[in-house]
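An overview of the molecular structure
The primary structure of each chain is shown beneath.
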Amino acid sequence: MTKDEAIKIISNCKNDEELELFLQNRINELEGEAQERTVGQDYTTTFQEYISSKTHYKPVGGIKDHACPDLVYDDYEPYFELFKEIYRLSKGVQDSFVSFDPFLFDCIKQIISHYTFDGNRSIDQDDRYMFYFSAAYRGEKTVPISQFKHKSMALCSENSGMAHNMFKILGMDSEVVMGSRNNNNHAYNLFFPNGYGNIPAVLVDFSFPAKCESKSSHKVYDLPYYKVLSEEEYHNLMEGKPISINATKSISHLLNFYKSIGSIEEDCTLIDEVVTYSTNITYTKSKII
């Protein structure tokens, strides 16, 4: 199924029940195609498969002598929220932009943020560490993603895994990358608008949003961080070479779109930032990302 086919079916649904039915059919289809495999930190650099009930997804490295429990994406609420948002937008003035990939990136970013964040507190890495540490020492084999709901402890592995599954459900070709950002362990996504193996590849990072600021109001907006990689950048990344990128030019397309519909002030400009990404990282078993 292609993205356009999925969006067309979603937009033609008559109610939530039909949306739920289509979502369940897509999940059943992807689950049926899945094979048992261990992926994630300490196991893979990139992987393309839907993170299914058969997937042993390791969001952190081993904790001393204990293996990290599998993170199970068994809560379909974020996927359903994405379907509802696509349906809503397809009925409004923005219907022609629903298939615009950066627009979907922003929808996914917002849904992940709404699901994982507690609005009254910032991300607490210590809570996340203790969560996995305690689960490992209790001998738990799996932990559900619902344990991260509104807890403000989800980081890049949880975010990129959830985003990856959203891409796959929509028929979009995506990979989860276990690598680094600015020399720190980090998970992010690669998206292939023309299909796997075809250039360009788009690096998308749902854990570090891009910032744009209004000169007049000084209001700061978050936009999804994404960069359309050149062929050289992509091949260097796949060869394990660190690449330094500035995503301003790519993200400007989405910023200009939001300006055109009045969602962001006209005098907003992106805050430039050069970031280094890599797929070549030596993982420390007790270190989480």
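The structure this text deals with has already been given above.
All of the points below concern the structure found in this document. Source: prediction; values computed, not measured. Residue numbers restart at each chain and count upward from 1, following the sequence in its written direction. Restriction of local features to residues with pLDDT of at least 70 applies here, the model being predicted, together with a cutoff of 80 or more for giving and counting side-chain atom pairs; totals for whole chains, interfaces and linings are based on all residues. Hydrogens are left out, water is left out, and the side-chain values use all remaining heavy atoms of the structure.

**What to know about the packing of helix 2 (residues 16-33) against helix 3 (residues 77-90)**
- Between helix 2 and helix 3, whose axes approach to 10 Å, the crossing angle comes to 125°. Between helix 2 and helix 3, the crossing angle belongs to the class labelled oblique. Crossing angle aside, the handedness with which helix 2 passes helix 3 is right-handed. In this structure, helix 2 contributes Asp 16, Leu 19, Glu 20, Phe 22, Leu 23 and Ile 27 to the contact, and helix 3 contributes Tyr 79, Phe 80, Phe 83, Lys 84 and Tyr 87. Interaxial angles span 0 to 180 degrees and are taken between N-to-C directions of axes, which are lines fitted to C-alpha atoms, for helices over the stretch in contact. Counting from the N terminus, the helices are DSSP H or I runs at least four residues long and the strands are E runs at least two residues long. Roughly parallel covers angles under 35 degrees, roughly antiparallel covers those over 145, roughly perpendicular covers 65 to 115, and oblique covers all other angles. Should the near helix be turned anticlockwise from the far one by less than a right angle, the crossing is termed left-handed; should it be turned clockwise, right-handed. By the convention used here, residues are in contact when the closest approach between their heavy atoms is within 4.5 Å.

**Considerations on the packing of aromatic side chains**
- The pairing test for Phe, Tyr and Trp rings, Trp by its six-membered ring, is centres within 6.5 Å, and the orientation test on the planes gives stacked under 30 degrees, edge-to-face over 60, and tilted for anything in between. Per the stated rule, a full pass over the model turns up 22 aromatic pairs.
- Here Phe 167 and Phe 206 contribute two aromatic rings whose centre-to-centre distance is 6.1 Å and whose plane-to-plane angle is 50°, an arrangement assigned as tilted. Remark: Phe 206 occurs in strand 8 (residues 202-214) and Phe 167 occurs in helix 6 (residues 156-169); sequence separation between them is 39 residues.
- Type-normalised accessible area, obtained with a 1.4 Å probe on protein chains alone, sets the label of each residue: buried when under 20%, exposed when over 50%, and partly exposed for intermediate values. With relative accessibility at 10%, the residue Phe 206 sits in the buried group.
- Between Phe 192 and Tyr 234, the aromatic rings sit 5.9 Å apart at their centres with planes inclined by 85°, giving edge-to-face as the arrangement. Of the two residues, Phe 192 is situated in the loop between strand 7 (184-191) and strand 8 and Tyr 234 in helix 7 (residues 231-238); the sequence distance between them amounts to 42 residues. Just as Phe 192 is buried, Tyr 234 falls in that class too.
- A ring has a charge above it when a Lys NZ or an Arg CZ is no more than 6 Å from the ring centre and no more than 35 degrees off the ring normal. Lying across the ring of Phe 208, Arg 181 places its NZ or CZ 3.7 Å from the centre.

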